[in-house]
Amino acid sequence: MAIKRRKISVIGAGFTGATTAMMVAQKELGDVVLVDIPQMDGPTKGKALDMLESTPVLGVDSRIIGSSDYESTRDSDVVVITAGIARKPGMSRDDLVSTNAKIMKAVTREVVKYSPECYIIVLTNPADAMTYTVYKESGFEKNRVIGQSGVLDTARFRTFIAEELSLSVEDITGFVLGGHGDDMVPLIRYSFAGGVPLTKLISEQRLEEIVERTRKGGGEIVGLLGNGSAYYAPAASLTQMVEAILKDKKRVIPTIAYLEGEYGYEDIYLGVPTILGGDGIEKVIELDLLEDEKEALDKSVESVRTVMSALPK
Ligand SMILES: NC(=O)C1=CN([C@@H]2O[C@H](COP(=O)(O)OP(=O)(O)OC[C@H]3O[C@@H](n4cnc5c(N)ncnc54)[C@H](O)[C@@H]3O)[C@@H](O)[C@H]2O)C=CC1
Ligand SMILES: O=C([O-])CC(=O)C(=O)O
């Protein structure tokens, strides 16, 4: 039997969606379908064609098309959802909940109709509550609906630590747990520079400042951009997750996963370390937490539950 080309659909052709489509194509992870609303049909097709015309120069054979018709997404292996509104300065991610929840429901119905076997990765904010919404609307198993926050939040933390120590970003590891909000929990105890605990290399006060900058990392970019939110690092994070699934890499990365008792929480999507591979979230990894770490995570869970309580029933 002939080997089938992989297909990745990206819903929402705005800043994050278009950048993700380009990065996924550049890595030749498969063919890409970029989808937006009918009113954006021309610009969506235009962006996709422009990307396609870059492939001879880049030397990659990914086909890229733009569309406002979900028929084009038929039989996708992975669908990335970036559709919805982004925050502007002065807003919190949680202010997006009601508008984006409606969009998630509409988008999910179309995605499921054409790709009932796919894996869905959700980026749209507030990401924990939106991933929960997509999970409920899709009727998929929990491992097939995955949210993005931890790769990005950890990448920000790693960037700031690498800058502080003048070391390669590659040699900094870390985990950020909890909801994708200002009370996320960067876990210092599980973060290392070349295997050396960060507490041996950076003062407690400086680490606290870096944790605080990480927590507010999204807001820092929103403030600088003035009219939208981050998209290069979010797109790189999504691309890493798509790759982990399509290549069955079994990466140990933080994702927004559905919890059924892990860490003591039930019926919630939350950022936790997971194994991401060919069957989506193959395992939630439970780290031992100290009392203050658990308290910080409880606080983050409270914030996620508050946002969830605003979801349309
Ligand atoms: N979880 C995370 O770490 C991150 C989440 N985000 C979130 O991702 C979302 C997208 O951000 P951007 O791409 O910067 O926004 P954007 O405004 O550039 O793009 C959003 C696109 O979604 C489209 N859209 C709206 N309704 C749609 C529908 N029903 N079907 C298909 N497309 C639809 C819009 O036409 C627009 O092109 C926002 O909610 C943002 O807050 C952004 C960065 C990181
Ligand atoms: O801050 C935002 O609104 C976008 C986002 O989630 C991030 O960049 O972390």
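Criteria and cut-off values
Residues numbered from 1 in each chain as written. Chains lettered and ligands numbered in written order. Predicted model: local features only at pLDDT ≥ 70, side-chain atom pairs only at ≥ 80, totals over all residues. Heavy atoms only, no water. Near = heavy atom within 4 Å. Polar contact = N/O pair within 3.5 Å; in protein donor to acceptor, adjacent residues only side chain to side chain. Helix = DSSP H or I, 4+ residues; strand = E, 2+ residues; numbered from the N terminus. Nonpolar A, V, L, I, M, F, W, Y, C, P; charged D, E, K, R; others polar. Contact = heavy atoms within 4.5 Å. Domains from an automatic or database assignment. Buried area = accessible area lost by both parts, 1.4 Å probe. Salt bridge = Lys/Arg side-chain N within 4 Å of Asp/Glu carboxyl O. Axes fitted to C-alpha atoms, helices over the stretch in contact; angles between N-to-C directions. Left-handed = near helix turned anticlockwise from the far one by under 90°. Buried < 20%, exposed > 50% of the residue type's maximum accessible area, 1.4 Å probe, protein only. Pairing = 2+ DSSP bridges. UniProt positions renumbered as here; feature names shortened; annotations may be inferred. Phe/Tyr/Trp six-rings, centres within 6.5 Å; stacked < 30°, edge-to-face > 60°. Lys NZ or Arg CZ within 6 Å of the ring centre and 35° of its normal.

## Thoughts on the site of ligand 1
Next, step 1: By nearness alone, 28 residues border ligand 1, and Phe15, Thr16, Asp36, Ile85 and Gln148 come closest of all.
Next, step 2: Between ligand 1 and phenylalanine 15, the relevant distance is 2.8 Å, taken from an oxygen atom to a main-chain nitrogen or oxygen of the residue.
Next, step 3: Between glutamine 148 and ligand 1, the recorded distance is 2.9 Å, taken from a side-chain N or O atom to an oxygen atom.
Next, step 4: Among the elements of the structure, helix 1 (15–26) and helix 4 (97–114) are those that each provide at least two residues to the shell around ligand 1.
Next, step 5: Here the shell around ligand 1 takes 3 residues from helix 4, the largest share from any one element.
Next, step 6: Taken together, the residues of the shell around ligand 1 sort by class into 17 nonpolar, 10 polar and 1 charged.

## Remarks on the environment of glycine 14
Next, step 1: When you line up the elements, glycine 14 lands in the loop between strand 1 (7–11) and helix 1.
Next, step 2: Linking glycine 14 and isoleucine 285, residues 271 residues apart in sequence, is a C-alpha distance of 33 Å.
Next, step 3: Contact partners of glycine 14, with chain neighbours within four places excluded, come to Thr19, Asp36 and Lys47.

## As for the domain arrangement of the protein
Next, step 1: Segmenting the protein into domains produces domain 1 (7–148) and domain 2 (150–310).
Next, step 2: The gap between the C-alpha centroids of domain 1 and domain 2 is 22 Å.
Next, step 3: Listed by partner, the interface residues are 38 residues for domain 1 and 49 residues for domain 2.
Next, step 4: On the domain 1 side of the contact with domain 2, Arg93, Asp128 and Gln148 bury the most area, a combined 19% of that side's loss.
Next, step 5: Here domain 1 and domain 2 share 4 salt bridges between them.
Next, step 6: The residue aspartate 182 makes a salt bridge to arginine 93 at a minimum N-O spacing of 4.0 Å.
Next, step 7: In this structure, the connection of domain 1 to domain 2 is made through 14 residue pairs in polar contact (both at pLDDT 80 or more).
Next, step 8: For the side of domain 1 that touches domain 2, the secondary structure elements donating two or more residues are helix 1, strand 4 (78–81), strand 5 (119–122), helix 5 (127–138) and strand 6 (145–147).
Next, step 9: For the side of domain 1 that touches domain 2, the leading source of residues is helix 5, giving 7 residues.
Next, step 10: Among the residues making up the side of domain 1 that touches domain 2, the classes are represented as 20 nonpolar, 9 polar and 9 charged.

## Describing the packing of helix 6 (residues 150–165) against helix 7 (residues 204–215)
Two quantities define a packed helix pair, namely the angle between the axes and the distance from one axis to the other.
Next, step 1: Packing of helix 6 against helix 7 brings their axes to within 9 Å, and their N-to-C directions diverge by 145°. In this structure, helix 6 meets helix 7 at a crossing whose hand is right-handed. Listed contacts from helix 7 to Asp153, Phe157, Phe160, Ile161, Glu163 and Glu164 of helix 6 are Arg206, Leu207, Ile210, Val211, Arg213 and Thr214.
Next, step 2: For the contact of helix 6 with helix 7, the residue count by class is 6 nonpolar, 1 polar and 5 charged.

## Remarks on the pairing of strand 13 (residues 266–277)
Two faces make up the sheet, and in a regular strand the side chains alternate between them.
Next, step 1: Counting buried residues in strand 13 gives 9 out of 12 residues, a clear majority hidden from the surface.
Next, step 2: Taken together, the 10 bridges between strand 12 (residues 251–260) and strand 13 define a ladder with antiparallel strand orientation. Paired with isoleucine 253 across the bridge in strand 13 is threonine 274.
Next, step 3: In this structure, the hairpin formed by strand 12 and strand 13 is closed by a connection of 5 residues, where glycine 261 is found at a positive phi of approximately 105°.
Next, step 4: Across 4 bridges, strand 13 lies against strand 14 (residues 280–284) in antiparallel orientation. Counted as the bridge partner of glycine 277 is glycine 280 from strand 14.
Next, step 5: Turn length for the strand 13-strand 14 hairpin, with the two strands adjacent in sequence and antiparallel, is 2 residues.

## Details of the UniProt feature "binding site: NAD(+)" (unreviewed entry) in the protein
Next, step 1: Look at the UniProt record and you will see "binding site: NAD(+)" (unreviewed entry) annotated at Gly12, Ala13, Gly14, Phe15, Thr16, Gly17, Asp36, Asn100, Leu123, Thr124 and Asn125.
Next, step 2: Among the structural elements, threonine 16 can be located in helix 1.
Next, step 3: Accessibility expressed as a relative area gives 14% for threonine 16, which makes it buried.
Next, step 4: For threonine 16, the residues in contact, after removing those within four places along its chain, are Thr82, Leu123, Ala230, Tyr231, Pro234 and Ala235.
Next, step 5: Here aspartate 36 is to be found in the loop between strand 2 (31–35) and helix 2 (41–52).

## Some remarks on the pattern of salt bridges
Next, step 1: Scanning the entire structure with this criterion turns up 22 salt bridges.
Next, step 2: Note that lysine 142 and glutamate 260 form a salt bridge whose closest N and O atoms lie 2.6 Å from each other. Here the residue lysine 142 occupies a position in the loop between helix 5 and strand 6, and glutamate 260 occupies one in strand 12, the gap between them amounting to 118 residues.
Next, step 3: Given a relative accessible area of 33%, lysine 142 falls into the partly exposed group.
Next, step 4: Residue glutamate 260 is classed as partly exposed on the basis of its relative accessible area of 44%.
Next, step 5: As a salt-bridge pair, glutamate 243 and lysine 247 come within 2.8 Å of each other at their nearest N and O atoms.

## A few points about the packing of aromatic side chains
Next, step 1: Applying the stated rule across the entire model yields 5 aromatic pairs.
Next, step 2: Seen in terms of ring centroids, tyrosine 231 and tyrosine 232 are 4.6 Å apart; in terms of plane orientation they differ by 35°. Their pairing is tilted.
Next, step 3: The exposed category is assigned to tyrosine 232, whose relative accessible area is 56%.
Next, step 4: Aromatic rings pair up to connect Phe15, Tyr231 and Tyr232 into one cluster.
Next, step 5: Directly above the aromatic system of phenylalanine 140 lies the positively charged group of arginine 144, at a separation of 3.8 Å from the ring centroid.
Next, step 6: Over the ring of phenylalanine 160 we find arginine 213, and its NZ or CZ is 4.1 Å from the ring centre.

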